[in-house]
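Structural features, examined
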Amino acid sequence: MSTITQAFVQQWDTAIRMEAAQRDSRFMAAVTDRGSITGESFSINFLGDDGSLLDANTVRHGDTEWSLADHSTPIVNMADFYKAFPLDRNDIPKMLVNPVTGGDYMQLLMNAKNRRIDDIIYKAARGNQLKKDGTSEALPAGQKIAVGGTGFTKTKLIQAKALFRLNEADEMAGEELYIAYDSLMLEDILADTTLTSADFMAVKMLQEGSVSGKWMGFKWLAYNGIERTGGTSYTIAWAKSGIHCGKGYEEGNVTRRGDKKDAWQVSMGASYGAGRQDKKKVVEIAFV
């Protein structure tokens with residue numbers, strides 16, 4: 001009986017392979033970056049414009065009639081975040097790859113940080129916006145496209161684009177428009193022949209299976225964090241100037257923990273906040 005198989009060896013991997021996951025922030029470059037924030041919150045100075053015309057002057061030497069500008073100040077509170085990974089010093093000699101010195105743990109934290117930024121921006125777009133006077137403002141019903149018992153359709157996309165035009169918040173007003181999409185939306189879009197009937201769209205969307213890029217007036221950003229409640233999903237479309245995001249701090253550390261038998265600890269702490277600058281620049285679209 002041959003026993004040569006007892007001498008066979010197994011080659012162990014000498015690198016760490018990351019699981020598929022979102023690593024970058026999809027939304028940070030698509031909103032107004034307020035940079036580094038000092039303090040527990042930051043404000044957004046909002047000046048309303050009712051779209052009125054210049055008044056006719058029909059009385060010579062008449063009294064001045066003032067018009068009052070609409071001032072309001074949205075307030076964005078900063079929120080703190082933290083995550084850490086440990087690695088026992090006794091485990092290191094037993095491993096071919098050190099995820100601490102190799103930077104793998106820090107990469108995981110960077111991924112988590114970027115996903116958190118997108119989550120904050122997404123929730124700021126849909127949530128209640130705090131004001132300086134202590135009140136809060138929900139996204140108006142007029143800025144929400146109802147589910148209507150259907151998936152994501154061409155009709156809903158046209159409605160969203162029309163709202164930005166109605167509000168003077170589209171490319172004609174110098175705005176950059178974005179929309180978030182997930183796998184469910186992708187299925188609806190690629191299956192809708194009214195959206196993919198043109199030759200160039202068929203090539204780009206059907207053969208490549210992607211909607212990334214710009215079409216229908218929006219830049220499309222893949223995001224699997226779209227909330228789904230009771231069988232209904234809620235995506236967002238927005239103008240870049242309509243959402244502001246600020247960073248209090250970001251700090252990554254690799255340290256020895258003397259209180260944990262000198263274990264390695266890789267950690268990241270950060271502080272972020274986001275809010276709506278103008279409700280007319282955000283549209284929520286519901287779909288099944």
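1. As for the pattern of salt bridges
Counted under the stated rule, the structure contains 16 salt bridges. We note a salt bridge from Lys281 to Glu175, for which the minimum N-O separation is 3.2 Å. You can see Lys281 sitting in the loop between β16 (263–276) and β17 (282–287) and its partner Glu175 sitting in the loop between α2 (154–166) and β10 (177–181), a full 106 residues away along the chain. Here the two residues Lys281 and Glu175 agree in accessibility, since each one is buried. Each of Lys113, Lys247 and Glu250 takes part in a single network of salt bridges with overlapping partners.

2. Some thoughts on the nonpolar core
Residues Phe152, Phe218, Trp220 and Trp238 are the most contacted members of the largest nonpolar core, which totals 44 residues. If you tally residues by element for this core, the top one is helix α1 (residues 104–126), at 6 residues. Look past the residues within four positions of Phe152 in its chain and what remains in contact with it is Leu157, Ile179, Met185, Asp188, Ile189, Trp220, Thr235, Ile285 and Phe287. Core analysis: the next-biggest nonpolar cluster, separate from the first, contains 6 residues, Leu87, Leu109, Val266 and Met268 among them.

3. Let's talk about the layout of surface pockets
Taken as a whole, the largest pocket encloses approximately 490 Å³ of empty space. Lining of the largest pocket is provided by 23 residues; of these, Phe46, Gly48, Asp49, Asp278 and Lys280 occupy positions nearest its centre. At the level of secondary structure, the elements contributing two or more residues to the lining of the largest pocket comprise β3 (46–48) and β4 (70–72). Looking at the lining of the largest pocket, the element that brings in the most residues is β3, giving 3 residues.

4. Quick look at the packing of aromatic side chains
The final tally for this structure, using the stated rule, is 11 aromatic pairs. For the pair Tyr122 and Tyr223, a centre-to-centre distance of 5.7 Å together with 50° between the ring planes defines the contact as tilted. Within this pair, whereas Tyr122 is found in helix α1, its partner Tyr223 is found in the loop between β12 (218–222) and β13 (227–229), the two being separated by 101 residues in sequence. Looking at Tyr122, the relative accessible area reads 1%, which means it is buried. Grouping aromatic residues by their ring pairs yields a cluster made of Phe27, Tyr122, Tyr178, Tyr223 and Trp238.

5. Considerations on unusual backbone geometry
The phi dihedral of Lys261 is positive, around 55°, even though this residue is not glycine. Structurally, Lys261 can be placed in the loop between β15 (243–257) and β16. For Lys261, a relative accessible area of 71% translates into the label exposed. Its identity is not glycine, yet Asp262 carries a phi of approximately 65°, on the positive side. Here Asp262 is to be found in the loop between β15 and β16. For Asp262, a relative accessible area of 32% gives the class partly exposed.

6. Quick look at the environment of Tyr249
Following the sequence through the fold, Tyr249 ends up in strand β15. The spatial distance from the C-alpha of Tyr249 to the C-alpha of Ala270 is 5.2 Å, given a sequence separation of 21 residues. Beyond its immediate chain neighbours, meaning those up to four positions away, Tyr249 contacts Phe81, Gly269, Ala270 and Ser271. A polar side-chain atom of Tyr249 sits 3.5 Å from the main-chain amide nitrogen of Ala270.

Quick notes on the rules
- Residues numbered from 1 in each chain as written.
- Predicted model: local features only at pLDDT ≥ 70, side-chain atom pairs only at ≥ 80, totals over all residues.
- Heavy atoms only, no water.
- Salt bridge = Lys/Arg side-chain N within 4 Å of Asp/Glu carboxyl O.
- Helix = DSSP H or I, 4+ residues; strand = E, 2+ residues; numbered from the N terminus.
- Buried < 20%, exposed > 50% of the residue type's maximum accessible area, 1.4 Å probe, protein only.
- Core = buried A, V, L, I, M, F, W, Y, C linked by side-chain atoms within 4.5 Å.
- Contact = heavy atoms within 4.5 Å.
- 1 Å grid on protein atoms, 1.4 Å probe; cavity = no way out; pocket = protein on both sides within 12 Å on 5 of 7 lines; lining within 4 Å.
- Points joined across faces, edges and corners; volume = space filled by probe spheres on them.
- Phe/Tyr/Trp six-rings, centres within 6.5 Å; stacked < 30°, edge-to-face > 60°.
- Polar contact = N/O pair within 3.5 Å; in protein donor to acceptor, adjacent residues only side chain to side chain.

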